[in-house]
Amino acid sequence: MKITRKDFLRLSGLSLLALAGGKAVRAVTDLAGASATAVAGSAKTVRWGMVIDLGKWRGQGTDKCIKACDAAHNIPQIPDPAREVKWIWEQPFETVFPSEQTDYTRQTYAGRPIPVMCNHCADPACVRVCPTGATWKREDGIVMMDWHRCIGCKYCVVACPYGARSFNFSDPVPYIAQVTPEFPTRSKGVVEKCNFCAERLAQGKQPVCVEACPDKSMIFGNLADPNSEIRQVLGSRFSIRRKPELGTQPNIFYIV
Amino acid sequence: MRERVLIFGGLAVFLILFTYPLWHAAALGTQAKQPQLQLPAQAKECVAPLPYMRAAHMRLLIEWRENAVRQGVRQIHAANGKSYDASLTRTCLGECHTNKAEFCDRCHTYAGVSALYCWDCHNKPQLVAARRTP
Amino acid sequence: MFMFEKALVGGRKYWIWIGILLALIFLGSLAYLRQATVGLVVTGLSHDVVWGLYISQFVFFIGLGASAVVVVLPYYLHDWKAFGKTTMMGEILGMCSVIVAMLFIFVSMGQPQRVLNVLLYPHPNSLIFWDLTVLSGYVLLNAVITVTLLGAKHEGVPPPKWIKPVIMLSIPWAISIHTVTAFILSGLAARPFWLTPIMAPRFLVSAFSSGPALLIILILILRRLKVFDAGLEAVKKLALIVTYCMVINVFFVLMEVFTIFYSQIPSHKEHFEYLFFGLDGNYQLVPLMWLSVLLSLAALALLLVPRWRTDTRLLTWACVLVFISLWLDKGFALLIGGFVPSPLGVVARYTPTLNEWTVAAGIWATGALMITVLYKIMLSIQEEQ
């Protein structure tokens with residue numbers, strides 16, 4: 001049978017494509033098929049949230065909660081502020097609540113440092129824009145990160161209205177003085193943020209920042225449980241959230 | 001005529017060089033050294049049968065990882081019937097395979113597997129193991 | 001089928017040009033290797049400005065991708081015979097621009113070896129998923145069109161009938177690449193500077209200004225080198241398109257300025273203030289912004305006067321001014337302006353590092369190399385006729 005070189009090359013190319021396509025389909029279906037072998041937790045609805053009572057937050061032992069989180073989660077201490085990685089930190093009042101600033105604000109609030117972290121929003125913009133699902137919203141409300149899947153596109157950093165996400169511009173390990181071995185460090189090229197101490201919640205513990213706070217100004221609990229402490233506090237005191245007009249529905253409430 | 005000698009001679013040299021991996025060990029009387037693994041002293045039982053682990057431990061790791069990280073399922077029933085906390089650092093590396101150089105690296109180096117990024121982040125199993133022993 | 005051997009035949013100037021491009025690509029590769037090893041810390045990016053030179057070049061080169069549809073649409077849909085010799089040039093230029101844009105995305109990623117995750121774990125909520133889809137599809141479409149048409153010409157036969165619907169498909173697909181790229185920015189509540197419905201229309205008109213401007217420049221270069229004459233009639237019509245689209249582009253910008261400054265909403269206003277007047281002692285982009293305005297006004301002056309627009313020398317200048325003005329506008333203004341001030345009010349400084357510029361130069365050279373090689377093949381085939 002006479003076959004031209006062009007046709008032979010075309011045929012070989014198509015065959016290779018078919019082989020590769022088959023492999024690709026198998027790869028995708030294999031990965032998609034990985035399913036849970038056990039059911040986690042109880043069937044009760046959980047929506048984790050936090051209330052920070054700024055009246056109790058005296059601003060003196062504030063670094064205790066930040067240091068506790070940094071230590072527990074191997075947050076690199078990067079000297080260059082342009083490249084810092086932060087999960088919980090402090091910002092001046094005017095930058096946390098830009099719509100609340102006025103020339104006549106109570107002076108105790110002007111310039112006052114406010115603790116901020118990922119708000120684990122009910123309708124998070126970061127989750128909507130992530131192309132790979134490296135960040136997603138769990139059923140219990142926590143906006144999680146999967147550092148194995150993150151491609152480092154930084155779209156989530158762009159989409160977050162609260163500046164809560166940090167990108168690892170270089171390998172973070174050299175900037176960790178004392179590695180906590182139970183929790184993984186991260187690698188360069190991925191985005192990270194507060195994870196509401198999901199690893200501790202899985203063991204029934206409270207987040208480290210809540211436990212470490214000497215003023216006991218943070219209340220963490222289940223917003224879906226009407227009898228929880230956090231619901232009692234929210235029901236009896238006036239609280240505000242950051243940039244509520246954007247529709248993200250943050251789950252960190254501040255009692256001013 | 002000269003070309004024929006050159007062509008066939010060149011082909012022969014090429015074939016010899018090309019099949020070098022196949023004949024040199026047999027010709028020199030040496031054996032390719034199999035990787036010698038230092039099995040973990042602590043645990044006596046693996047989570048799955050050895051042939052499966054040899055062939056597909058990567059698949060098991062990814063399955064456990066997807067379950068633990070993405071589904072939040074941390075208690076996983078392994079093939080050996082026992083239930084394990086699916087943590088790479090605390091369980092796989094912390095309880096059993098604490099020594100990367102004497103266990104993991106032996107086969108990986110032999111097989112030329114270099115793109116593994118696990119230890120970039122899960123990087124202190126010895127410390128975890130040390131914390132465990134009272 | 002690909003006739004690359006035609007690109008291996010050339011005079012001294014041709015090979016010197018190729019040599020320069022290869023040298024730039026080599027340097028760019030070294031710079032990228034350094035970035036891939038050490039991390040994006042070698043760039044000027046920071047916690048608050050996470051997208052910079054690379055993404056700005058991505059956005060700009062997507063715009064240049066319009067150089068295909070700007071000649072394909074009139075020629076195939078409305079039988080503008082004058083564009084007959086420009087369609088192949090435009091399709092090659094458009095395709096290579098989009099490839100360059102995708103290369104810029106690749107080098108901006110923190111974990112580029114995981115890029116296939118976007119396809120393995122598709123998330124249609126994300127505009128990056130859609131962007132990858134439409135951009136890859138567009139490159140594929142144009143590649144098929146180019147290879148088929150050039151192949152048919154080489155064989156001396158009319159192109160196969162099925163290529164016509166493929167070419168027709170490439171027209172709305174070309175519009176989609178600009179729209180989807182604009183959507184990456186215009187749907188973010190966190191970035192009020194970009195949260196405007198006029199973003200996609202702005203992208204389209206600036207694309208239809210910069211794309212044909214570059215095409216005109218390339219047509220005139222090939223005429224000057226006496227290797228190909230696409231026809232002055234085509235150049236005149238393209239110049240008209242650039243003119244109208246530049247006018248609309250300036251009009252759209254003025255629309256933005258009105259809404260922003262009349263409403264006086266701080267979160268929207270402060271980005272424009274930073275760009276044009278500086279903010280908190282940071283005047284980094286002010287000279288570039290006013291330069292962009294000046295260049296676009298100068299370009300419009302040259303384009304709006306018919307006697308000047310039809311003078312090829314002045315037209316070349318006008319196209320260069322359009323190109324630079326839009327490079328500054330779509331590159332630095334649009335991208336950096338979205339990040340400064342940050343959602344927390346930080347007025348960050350951003351200066352691309354030498355490493356960043358070198359990587360960018362390598363990618364620009366890659367695009368130039370692709371265009372050179374493909375144009376060489378195209379010209380060889382034209383000569384055969």
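Just so you know, these numbers come straight off a predicted model, no measurement behind them.

Rules of the game
Chains are numbered independently. Their residues run from 1 in the order of the written sequence. Here every chain gets a letter starting at A, and every ligand a number starting at 1, in the order they are written. With pLDDT at 70 or above as the cut-off, local features in this predicted model cover only qualifying residues; side-chain atom pairs require 80 or more to be listed or tallied, and sums for whole chains, interfaces and linings still use all residues. In this text, helices come from DSSP runs of H or I with a minimum length of four residues, and strands from runs of E with a minimum of two, each type numbered from the N-terminal end. The globule rule used for comparison is 2.2 Å times the number of residues to the exponent 0.38, while the radius of gyration itself is calculated over C-alpha atoms. Any residue surrounded by 20 or more other C-beta atoms within 10 Å of its C-beta is treated as buried, while 12 or fewer makes it exposed and the intermediate range makes it partly exposed; C-beta atoms here are placed from the backbone. A residue pair is marked as a contact if its C-beta atoms, positioned from the backbone, fall within 7 Å. Each residue receives one of three labels: charged for Asp, Glu, Lys and Arg, nonpolar for Ala, Val, Leu, Ile, Met, Phe, Trp, Tyr, Cys and Pro, and polar for the others, Gly being one of them. With axes taken as lines fitted to C-alpha atoms, and helix axes fitted only over the stretch in contact, angles between N-to-C directions fall between 0 and 180 degrees. Oblique is the label for any angle not covered by the other classes, which are roughly parallel (under 35 degrees), roughly antiparallel (over 145) and roughly perpendicular (65 to 115). Here a crossing is called left-handed whenever its near helix is offset anticlockwise from the far helix by less than a right angle, and right-handed whenever the offset is clockwise. By convention the nonpolar core is taken to be a set of buried residues drawn from Ala, Val, Leu, Ile, Met, Phe, Trp, Tyr and Cys and joined through C-beta atoms within 7 Å. pLDDT measures the predictor's confidence residue by residue and takes values from 0 up to 100. Two strands qualify as a pair provided DSSP detects at least 2 bridges between them. Any helix carries an expected span of 1.5 Å times its number of residues minus one.

A few words now on the overall build of chain C. When its secondary structure is counted, chain C shows 14 helices and 0 strands. Taken from the N to the C terminus, the helices and strands of chain C come in the order α-α-α-α-α-α-α-α-α-α-α-α-α-α. Relative to a compact globule of 385 residues, whose C-alpha radius of gyration would be 21 Å, chain C shows 21 Å and is just as compact. Each of the three principal axes of chain C carries a C-alpha extent, and together these read 65 × 50 × 40 Å. Buried residues in chain C amount to 47% of all 385 residues.

Looking now at the overall build of chain A. Helix and strand counts for chain A stand at 8 helices and 9 strands. For chain A, whose C-alpha radius of gyration is 23 Å, the value lies well above the compact-globule estimate of 18 Å for 256 residues. Referenced to the eigenvectors of the C-alpha coordinate spread, the extents of chain A come out at roughly 90 × 45 × 40 Å. Taken across its 256 residues, chain A has 41% of its residues classed as buried.

Moving on to the interface of chain C and chain A. Of the residues lining the interface, 33 residues belong to chain C; the matching set on chain A comes to 40 residues. When the residues that make up the side of chain C that touches chain A are grouped by side-chain class, the tally is 20 nonpolar, 11 polar and 2 charged.

Attention shifts here to the environment of B:G10. Residues and elements named next belong to chain B. Along the chain, G10 turns up in helix α1 (residues 2-18). With 10 C-beta atoms counted inside 10 Å, the residue G10 sits in the exposed group. Sequence spacing of G10 and H77 is 67 residues, and the spatial spacing of their C-alpha atoms is 60 Å.

Sorting the 2 pairs of chains in contact by contact count puts chains A and C at the top. Regarding chain B and chain C, which are not in contact, the minimum distance between any of their C-alpha atoms is 10 Å.

Below, the discussion takes up the packing of helix α2 (residues 53-64) of chain C against helix α13 (residues 312-339) of chain C. All names here are of chain C. In contact at an axis separation of 9 Å, α2 and α13 are set at 140° when each is read in the N-to-C sense. In terms of their interaxial angle, α2 and α13 are classed as oblique. Viewed along their axes, α2 and α13 form a crossing whose handedness is right-handed. Residue-level contacts link I55, S56, Q57, V59, F60 and G63 of α2 to W327, K330, G331, F332, L334 and L335 of α13. Looking at the contact of α2 with α13 residue by residue, the class counts come to 7 nonpolar, 4 polar and 1 charged.

Bringing the nonpolar core into the picture now. Counting 180 residues, the largest nonpolar core has A:A159, C:I92, C:V98, C:A101, C:F104 and C:V322 as the members making the most contacts within it. Element by element, the count of residues in this core is highest for helix α4 (residues 87-108) of chain C, at 15 residues. Among all residues touching C:F104, those that are not within four sequence positions of it are C:Y54, C:Q57, C:F58, C:F61 and C:I363.

Moving on, we come to the interface of chain A and chain B. Taken together, the 17 residues of chain A in the interface contact 23 residues of chain B. When grouped by side-chain class, the residues that make up the side of chain A that touches chain B number 9 nonpolar, 4 polar and 4 charged.

It is worth spelling out the confidence of the model for chain C at this point. With 100% of its residues at a pLDDT of 70 or more, chain C has an overall mean of 95. Here the complex is predicted with pTM 0.90, and the ipTM for its interfaces comes to 0.94.

On average, residues of chain A score 89 in pLDDT, and 91% of them are at 70 or above. Below pLDDT 50 for its whole length, residues 31-42 of chain A participates in 17 contacts with residues either more than four positions away or in separate chains.

Now for the sheet that holds strand β8 (residues 218-222) of chain A. Strand-to-strand pairing in sheets goes through backbone hydrogen bonds, with the strands running parallel or antiparallel. Residues and elements named next belong to chain A. Spatially, β8-β1-β9 is the arrangement adopted by the 3 strands of the open sheet, whose pairing is mixed. Strands with a single pairing partner mark the edges of an open sheet, and in this sheet they are β8 and β9 (252-255). Going across the sheet, the axis of each strand differs from the next one's by a mean of 20°, ignoring polarity. Two strands pair when backbone bridges link them, and strand β1 (residues 48-53) and β9 are joined in this way by 4 bridges, in the parallel orientation. In the strand pairing of β9, M50 is matched with I252.

Another point: the packing of helix α11 (residues 286-304) of chain C against α13(C). How two helices pack is summed up by the angle between their axes together with the distance between the axes. Residues and elements named next belong to chain C. Viewed as axis vectors pointing N to C, α11 and α13 meet at an angle of 150°, and their least axial separation amounts to 8 Å. Compared by their axis directions, α11 and α13 come out roughly antiparallel. For the crossing formed where α11 meets α13, the hand is left-handed. Residues L288, M289, L291, S292, L295, S296, A298, A299, L302 and L303 of α11 form the contact with α13, whose own contacting residues are L314, W317, A318, L321, V322, I324, S325, L328, D329, F332 and A333. Split into classes, the residues belonging to the contact of α11 with α13 amount to 17 nonpolar, 3 polar and 1 charged.

Our next topic: the environment of C:D229. Its place among the elements puts C:D229 in the loop between α8 (199-224) and α9 (232-263). Sequence spacing of C:D229 and C:T86 is 143 residues, and the spatial spacing of their C-alpha atoms is 9.3 Å.

Over its 29 residues, helix α6 (residues 127-155) of chain C runs 41 Å from end to end, which matches the ideal 42 Å to within 8%, given 1.5 Å per residue. Positive phi appears at C:G156, one or two residues downstream of α6(C), with a value of about 80°.

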